[in-house]
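Now for the letters of each chain:
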Amino acid sequence: MTERGIEPSGSHGSALSNDNDHLHNENPRAPNRSSRSNSSSSWKRYLACIAITSLCLIQIGISTMYLTTTENANYSQIMDLPSVQSEVQQTDGNTNNDRSSIDYFINITTPQPLPTLVHFDPRFIGGYRNQHMRFVAFVNFAVENSIPQLLLPSLRWGVAQGEHRGRDVPFDYLFDVAYWNERAERAGLPRLVRYDANVLEGRRRRSGTTDMMDNNNKSTTIACFNTSSNLYSGLDSGLLRNPNTNIRRVNIWDEIGRLDGYAHCRRLPPSSVGQQDQEDVGDEFTHLIAHGGSKGVGRLWADYNYMQRQRGKAKQNTTIDNRTITIHPEHLPVERTINTILRPSEAIRNAIQSAIQSSTTAQKDQQQQLRSPSKVLALHPRIEHDMLHHRCGRFMEQNLTKIFDHLRGECSHNAELLFLAVNIELVMAEPGSSLGSDLRELALENAIVLNRTRTYGMFGNESSVGIPMFESGSRTAENILFPEEQPTDYSKAGTTPRLVTSKTLGITDLVASIVDFFTIIEADRFVGVKGSSFSTDLFSVRYYMGKRGNYILGPEGVEELVGPPPSHSCN
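Criteria and cut-off values
Positions within a chain are numbered from 1, following the residues in the order the chain's sequence is written. pLDDT decides what is reported in this predicted model: residues at 70 or higher carry local features, side-chain atom pairs at 80 or more are listed and counted, and totals for whole chains, interfaces and linings draw on all residues regardless. Computation of side-chain values covers all heavy atoms of the structure but excludes hydrogens and water. A run of DSSP states H or I qualifies as a helix once it reaches four residues; a run of E qualifies as a strand once it reaches two. Both are numbered from the N-terminal end. Exposure is judged per residue with a 1.4 Å probe applied to protein chains only, and the accessible area is read against the type maximum: over 50% gives exposed, under 20% gives buried, and values in between give partly exposed. When checking whether two residues touch, look at their non-hydrogen atoms; a contact exists if any pair is within 4.5 Å. Strand pairing is assigned whenever DSSP identifies at least 2 bridges connecting the two strands. The criterion for a disulfide is a pair of cysteine sulfur atoms lying within 2.5 Å. What makes a nonpolar core is a set of buried Ala, Val, Leu, Ile, Met, Phe, Trp, Tyr and Cys residues whose side-chain atoms join them at distances within 4.5 Å. Only the six-membered ring of Trp is used, alongside the rings of Phe and Tyr, when aromatic pairs are assigned; centres must lie within 6.5 Å, and planes under 30 degrees apart are stacked while those over 60 apart are edge-to-face, with the rest tilted. A patch is a set of surface residues, each over 30% in relative accessible area and not in a salt bridge, joined within 9 Å for like charges and within 5 Å for the nonpolar side chains Val, Leu, Ile, Met, Phe, Trp and Tyr. Note that accessible areas follow from Shrake-Rupley with a 1.4 Å probe, and for residues the cover is restricted to the protein chains shown. A carboxyl oxygen of Asp or Glu within 4 Å of a side-chain nitrogen of Lys or Arg is what we treat as a salt bridge. Just so you know, the count uses Lys and Arg for positive and Asp and Glu for negative, and it drops His and the chain ends. All charge positions are set by atom: Lys at NZ, Arg at CZ, Asp at CG, Glu at CD.

## Observations concerning the overall build of the protein chain
At step 1: Summing up its helical and strand segments, the protein chain has 21 helices and 21 strands in all.
At step 2: Out of the 571 residues belonging to the protein chain, those deemed buried represent 55%.
At step 3: The long-range fraction of contacts in the protein chain, counting pairs at least 24 apart against all pairs at least 6 apart in sequence, stands at 73%.

Below, the structure written as structure tokens:
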């Protein structure tokens, strides 16, 4: 067995370089994508929203207490907020661009007249990490088909449950688009681009026996993407954006290209139809290629599971410290690389660091003898009521008292803070009628134990203070400011977009999941559960970021995870 099968590469730079070279060799497209500067004023006003978000939160202090050791150097490249100068110098020598400016964002997301993959579903479906898995499959489809661009406004993330179920939010509210694009091409991944009909749509003209795209004749060009609804043209936005619509039951692909004049929008990737770019369906032409989930769990979910099967079923056992450890195969290069260049937006990163800094400061005020920085133990117990009767629950210990008992010893040794990633509101809610009497009793007991832990800390009681617990999630997420999104162009020049909280937008649960996820990445140790996509992805990202101290919790106790985790499965 090679050393790489046991431990990740020692530094982010070398690991990313190796993965990128591997991925780039598998996908040798690398077309010339010199930037174009033309863009509409409405887009500048829209992009002003993003700049204003950053400016409003820039005064929040950035804690670097957890980013000073060699082991954490990988993670620091994801969560740090580097200076404009240092960031720009990483962009192929283009040092004249100011990363914080709107013009820079416009420039780095300007499309080229090249195949561009469009997510035709109104949003990715599932919880946060299930959406991420579908996003990975979407990107992988682009890589496999040599599609160099993803249409940014079609990538929307959704709220899966609760009173705001069905709400969605643009990709760029949640993630750092510039950071991705600065690294995507040399990593062998597609760029994220804006929609520009002047570049991506056109009409055919004859040159001898060859069909060519005519970008000059725009008088009657039919656009395949609707900028008002952020959906493929011809789709029923009233139906698909209705929170009462179960989009798992709608075959959206069948609706694409059905309207008169839109047949050319139902385009397949070149590799799907041989050497011919697409069937000649008329004079209209588009660079857009529609792809998505369609009915049921959807194609993206099936594609992601297929990617996991490609990791191979062979597991290897090794002996470490007289223990037999199972080593699982690493992920495909595409997924490994995505995990290194997809980071939260600046607003969310600022909020995460501020929350950690505040919690650490408050804890040290109570215990002055503690050294700096504090050692953080993160726990994702998955004890919300919906999981108590879920089929994946059989892999998990669902009694919080027993969970804490399992954490005594190695896991909690020298831990000075407990970060609990759990939906407090759902755990504290009155158990519903869908739970049997035994599960209702368990839910009530968990709520009592959780409340005592919030008061006295883990292992604490009325006479002895335990390991202090801090929460972030919803408390942090609900106050993060975002521009108030408008479905149409910002038509009034000079109008300043209004900033609102995630709570106002109805996306607090989604943002809270992102906050919890990246807070846990920063922890010194992490205890997660099998059967949870959230825990499984955390094990993966922490492994590729060089973060050790990962443990799987089950009914029998806690086991240290060496290497990448097994594929997410409830089987």
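Still more to cover.
## Topic: the pairing of strand 13 (residues 323-327)
At step 1: Across 5 bridges, the pairing between strand 12 (residues 316-320) and strand 13 is antiparallel. Within the sheet, the bridge partner assigned to Asn317 lies in strand 13 and is Thr326.
At step 2: Linkage of strand 12 to strand 13, two consecutive antiparallel strands, is achieved through a turn of 2 residues, within which Asp321 is found at a positive phi near 50°.

## A closer look at the state of the cysteines
At step 1: With the rule as written, the count across this model stands at 1 disulfide.
At step 2: At a sulfur-sulfur separation of 1.9 Å, the disulfide partner of Cys224 is Cys265. Every disulfide takes its handedness from the sign of the S-S torsion; for Cys224 and Cys265 that torsion is -85°, giving left-handed. Note that Cys224 is positioned in the loop between strand 7 (210-214) and strand 8 (225-226) and Cys265 in the loop between helix 10 (237-240) and strand 10 (284-286), a separation of 41 residues in sequence.
At step 3: According to the relative accessible area criterion, Cys224 is buried, its value standing at 0%.

## A word on the sheet that holds strand 14 (residues 376-379)
At step 1: Strand order across the open sheet formed by 6 strands is 16-15-14-19-20-21, with mixed pairing between neighbours. Only two strands of the sheet have a single neighbouring strand rather than two, namely strand 16 (469-470) and strand 21 (557-560).
At step 2: Judged from the 2 bridges that link them, strand 15 (residues 417-420) and strand 16 form a sheet pairing that is parallel. The residue of strand 16 that forms the bridge with Phe419 is Phe470.

## A short note on the nonpolar core
At step 1: Counting 72 residues, the largest nonpolar core has Phe135, Trp157, Phe171 and Trp180 as the members making the most contacts within it.
At step 2: No other element matches the 10 residues that helix 6 (residues 128-144) contributes to this core.
At step 3: Other than its neighbours up to four places away in sequence, Phe135 contacts Phe124, Leu155, Trp157, Phe171, Trp180, Ile338 and Leu342.
At step 4: Counting residues in hydrophobic clusters, the runner-up holds 28 residues, among them Leu377, Leu407, Ala415 and Leu418.

## Details of the packing of aromatic side chains
At step 1: Per the counting criterion, the structure on display carries 19 aromatic pairs.
At step 2: With a centroid separation of 5.9 Å and an interplanar angle of 50°, the aromatic rings of Phe135 and Trp157 are classed as tilted. Of the two residues, Phe135 is situated in helix 6 and Trp157 in strand 3 (residues 156-158); the sequence distance between them amounts to 22 residues.
At step 3: Judged by relative accessible area, Phe135 falls into the buried class, the value being 0%.
At step 4: With relative accessibility at 0%, the residue Trp157 sits in the buried group.
At step 5: One aromatic cluster is present, built from ring pairs that chain together Phe124, Tyr128, Phe135, Phe138, Trp157, Phe171, Phe175, Trp180, Phe517, Phe518 and Phe534.

## Here's the deal with a positive patch on the surface
At step 1: A surface patch of positive charge is lined by Lys315, Arg391, Arg394 and Lys530.
At step 2: For Lys315, a relative accessible area of 55% gives the class exposed.

## Considering unusual backbone geometry
At step 1: Positive phi, close to 55°, is recorded for Asn230, a residue that is not glycine.
At step 2: Of note, Asn230 is situated in the loop between strand 8 and strand 9 (231-232).
At step 3: Within the chain, Phe459 stands out as a residue other than glycine whose phi angle is a positive 70°.
At step 4: Note that Phe459 resides in the loop between helix 17 (437-456) and strand 16.

## Some thoughts on the pairing of strand 21
At step 1: Both strand 20 (residues 550-554) and strand 21 contribute to a ladder of 4 bridges, which runs antiparallel. Counterpart to Tyr551 in the pairing with strand 21 is Glu560.
At step 2: Hairpin connection, strand 20 to strand 21: the antiparallel pair is bridged by 2 residues.

That's the geometry; what it means functionally is another story.
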